[in-house]
Amino acid sequence: NILKILKRNNIYNLISVIFNLRDVYRFSQVNLIVPENVLFHTYVNSVMAYIMCDYLNNFGENIDEYDVITKILFHDFSEYSGNEIISSMKIYSQETHNLFEKIESEDEESLNDLIGKENYDIVKSYKDGFSGYVSEIIDKISGIMKILIEVKYYNNLTLLKVFSANE
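Residues numbered from 1 in each chain as written. Predicted model: local features only at pLDDT ≥ 70, side-chain atom pairs only at ≥ 80, totals over all residues. Heavy atoms only, no water.

Could you give me a rundown of the overall build of the chain, with the residues and numbers involved?
Check the secondary structure of the chain and you find eight helices and zero strands. Element order for the chain, N to C, with α for helix and β for strand: α-α-α-α-α-α-α-α. Counting only residues that meet the buried cut, the chain has 37% of its 167 residues in that class. Residue pairs in contact within the chain that sit at least 24 positions apart in sequence constitute 66% of those at least 6 positions apart. (Helix = DSSP H or I, 4+ residues; strand = E, 2+ residues; numbered from the N terminus. Buried < 20%, exposed > 50% of the residue type's maximum accessible area, 1.4 Å probe, protein only. Contact = heavy atoms within 4.5 Å.)

Now, about the nonpolar core: what can you tell me, with residues and values included?
By size, the foremost hydrophobic cluster in this structure holds twelve residues: Leu 14, Val 17, Leu 21, Val 24, Val 38, Phe 74, Phe 77, Tyr 80, Leu 111, Ile 115, Tyr 120 and Val 123. Sorting the residues of this core by element identifies helix H2 (11-20), helix H6 (94-115) and helix H7 (117-124) as the ones contributing at least two each. Look past the residues within four positions of Val 17 in its chain and what remains in contact with it is Phe 77, Tyr 80, Leu 111, Leu 114 and Ile 115. One finds Cys 53, Ile 72, Val 134 and Ile 138 within the second-largest nonpolar core, a separate group that totals eight residues. (Core = buried A, V, L, I, M, F, W, Y, C linked by side-chain atoms within 4.5 Å.)

Go over the environment of Ile 115, please, and point to the residues and values.
Its place among the elements puts Ile 115 in helix H6. Each C-alpha atom, one on Ile 115 and one on Val 17, is 8.1 Å from the other, the two residues being 98 residues apart in sequence. In this structure Ile 115 touches Asn 10, Asn 13, Leu 14, Val 17, Phe 77, Tyr 120 and Val 123, once residues within four positions along its chain are discounted.

Residue-level account of the environment of Leu 14, with values.
If you trace the backbone, Leu 14 turns up in helix H2. Residue classification places Leu 14 among the buried positions, given a relative accessible area of 17%. Along the sequence, Leu 14 and Leu 111 sit 97 residues apart, while their C-alpha atoms lie 9.3 Å from each other.

Which residues make up the side chain of Ser 131, and what are the values?
For Ser 131, the location among the structural elements is in helix H8 (residues 129-153). If sequence neighbours within four positions are ignored, Ser 131 has contacts with Asp 67, Val 68 and Lys 71.

Written as C-alpha cells, this is what we have:
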C-alpha cells in the first residue's frame, strides 16, 4: 500500500531518481583514486551550501539558504540515467556536441515524466537568480576541490588529461 501511495504522488519516482545517482560517477571518463558518485557529490554540495550561506548571512548578505540548498539537491538530477559527461568531451566537435545535446534532451524529457513538472522546474531553474548563482559557485568549488584532491594528494596526474587549457 505504501508503494502505491508513493507511486501515485511521484515520490516513488523521485526516490528512484535519487537512488540512481548512487550509480552515476563524476569524472567517469577517467580513473580516479577515490571515485565519487553524484549522490555523494550532492551531499557534499549541500553541506557546503549550508555552511557558506550561514557564513555569508552572518556578514550581512541576504541569501535564501532554503532556496540554495533546494537547487543544489536537484541540480544533478538530469544525470540520473548515467549521462555524466565532462564538458570537454561534449564540446570536442560539433558532432559530439549535437549527440550529447540530443541524449540530454531525451533524458530531460524522461526525467520530467518521472518526477513531475514542479520538481523538474527546480532542476531546470538551478542557475536562475542569486541563489542559483550561489549554487553554481558551490558546485564549481566542489569540482575544483575534487580535482585538487586527486592531483595534489593522490598524485593522479592522469586526471588532467581530460581537461583543456581553458578549463
